[in-house]
Amino acid sequence: MSADRILSTTLQAYTRYGLYLALPIVYAWFGGMKFTSYEAEGLVPLVSNSPLLSWFYDLLSVRDFSTFLGVLELSIGALILSGLVRPVAGVIGGLLSAGLFVTTLSFMASTPGVFEPTAGGFPAISVAPGQFLLKDVGLLAASLWIAADSYDRWRRHLAR
C-alpha cells in the first residue's frame, strides 16, 4: 500500500471517529443545558416566533418544552455515538439530527433580529441569533454525513 493510500485511510478513520464523537459532545452540552431555566428562557424568542414549533407552548410550559428538547437532544447524541458499533443507530441518529438542524435553521426566517439592518440588511446577520443559528449549516452537513456513512456500513454488514 502506498504512503498516500495509508495517509488517506488514516485521515478518513480519524475523521469518522471525530464526527461520531464531536456531534454527541455538542448534543450532550446543548441537551444538558436544556434542563436549566437559563436555556429554557433563551429558547422562547426562537420557538415562539416559529410557525413550526410555536404550538408547543400551547401544550407545554417553557420549562417542559425545554426539558423535552433536552431529552431529545441527549437521545440523538446517544444514537450517533452508538452508531460507531451499531450502524442502524447511526442512521437513525444522523437523520434525526439532520431534522433537528433543518428545524433550527428555519428559525433564521422566523426570528426577529437575525438580519442586521444597520449593516445593510440581508445578507448581514447579527451575532445572536443570526450567527448562532448559521453554525447549524455545518452541523446539518455532519449529521447527513453520519447518516450516509452509517447506512453504507449497515448495508455492507447486511451483505455479509
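Residues numbered from 1 in each chain as written. Predicted model: local features only at pLDDT ≥ 70, side-chain atom pairs only at ≥ 80, totals over all residues. Heavy atoms only, no water.

Asks: It is not clear to me how the packing of helix H4 (residues 62-82) against helix H5 (residues 87-110) should be interpreted in this structure. Could you clarify?
Replies: Helix packing for two helices is described by the angle between their axes and how far apart those axes are. Between H4 and H5, the shortest axis-to-axis distance is 7 Å and the interhelical angle comes to 140°. On the basis of their axis angle, the class for H4 and H5 is oblique. For the crossing formed where H4 meets H5, the hand is left-handed. Counted together, Leu-69, Leu-72, Glu-73, Ile-76, Leu-79, Ile-80 and Ser-82 of H4 and Ala-89, Gly-90, Ile-92, Gly-93, Gly-94, Leu-96, Ser-97 and Leu-100 of H5 form the full contact between these two elements. A per-class count over the contact of H4 with H5 returns 9 nonpolar, 5 polar and 1 charged. (Axes fitted to C-alpha atoms, helices over the stretch in contact; angles between N-to-C directions. Helix = DSSP H or I, 4+ residues; strand = E, 2+ residues; numbered from the N terminus. Parallel < 35°, antiparallel > 145°, perpendicular 65-115°, else oblique. Left-handed = near helix turned anticlockwise from the far one by under 90°. Contact = heavy atoms within 4.5 Å. Nonpolar A, V, L, I, M, F, W, Y, C, P; charged D, E, K, R; others polar.)

Asks: What am I meant to see in unusual backbone geometry here?
Replies: The omega torsion of the bond from Ala-128 to Pro-129 falls at 10°, within 30 degrees of zero and hence cis. Topologically, Pro-129 is positioned in helix H6 (residues 127-134).

Asks: What is the right way to read the nonpolar core from this model?
Replies: One broad rule of soluble globular proteins: the nonpolar side chains tend to lie buried together. Among the nonpolar cores identified, the biggest contains 25 residues, and Leu-23, Tyr-27, Ile-80, Phe-101, Met-108 and Leu-133 are the most heavily contacted of them. Put simply, the parts of the chain that give this core at least two residues each are helix H1 (3-33), helix H2 (37-48), H4, H5 and helix H7 (136-159). Of the residues forming this core, the biggest block, 6 residues, is contributed by H5. Here Tyr-27 is in contact with Gly-32, Glu-73, Leu-74, Ile-76, Gly-77, Ile-80, Ser-97, Leu-100 and Phe-101, once residues within four sequence places are set aside. (Core = buried A, V, L, I, M, F, W, Y, C linked by side-chain atoms within 4.5 Å. Buried < 20%, exposed > 50% of the residue type's maximum accessible area, 1.4 Å probe, protein only.)

Asks: What is the right way to look at the environment of Met-33 in this model?
Replies: Tracing the sequence through the fold places Met-33 in helix H1. The spatial distance from the C-alpha of Met-33 to the C-alpha of Gly-70 is 7.4 Å, given a sequence separation of 37 residues.

Asks: I tried to follow the pattern of salt bridges on my own but got confused; where do I start?
Replies: A side chain with one charge can pair with a side chain of the opposite charge if their charged atoms come near. In this structure the tally under the stated criterion is 6 salt bridges. Close ionic contact of Glu-39 with Lys-34 constitutes a salt bridge, the shortest N to O distance being 3.2 Å. Residue classification places Glu-39 among the buried positions, given a relative accessible area of 19%. Look at Lys-34 and you get buried, because its relative accessible area is 4%. Residue Lys-135 is joined to Asp-136 by a salt bridge in which the shortest nitrogen-to-oxygen separation is 2.6 Å. What emerges from the salt-bridge pattern is a single network uniting Arg-16, Asp-149 and Arg-153. (Salt bridge = Lys/Arg side-chain N within 4 Å of Asp/Glu carboxyl O.)

Asks: Can you help me understand H6 in this one?
Replies: Working note: α-helix, 3.6 residues per turn, so residues spaced by three or four point in the same direction. Within H6, burial applies to Pro-129, Gly-130 and Leu-133. In a view along the axis of H6, the buried residues occupy a sector of 105°, so they form one face of it. Residues Val-127 and Ala-128 are exposed on H6 and point more than 90 degrees away from its buried face. Elements in contact with the buried residues of H6: H2, H5 and H7. (Arc of directions from axis to C-beta.)

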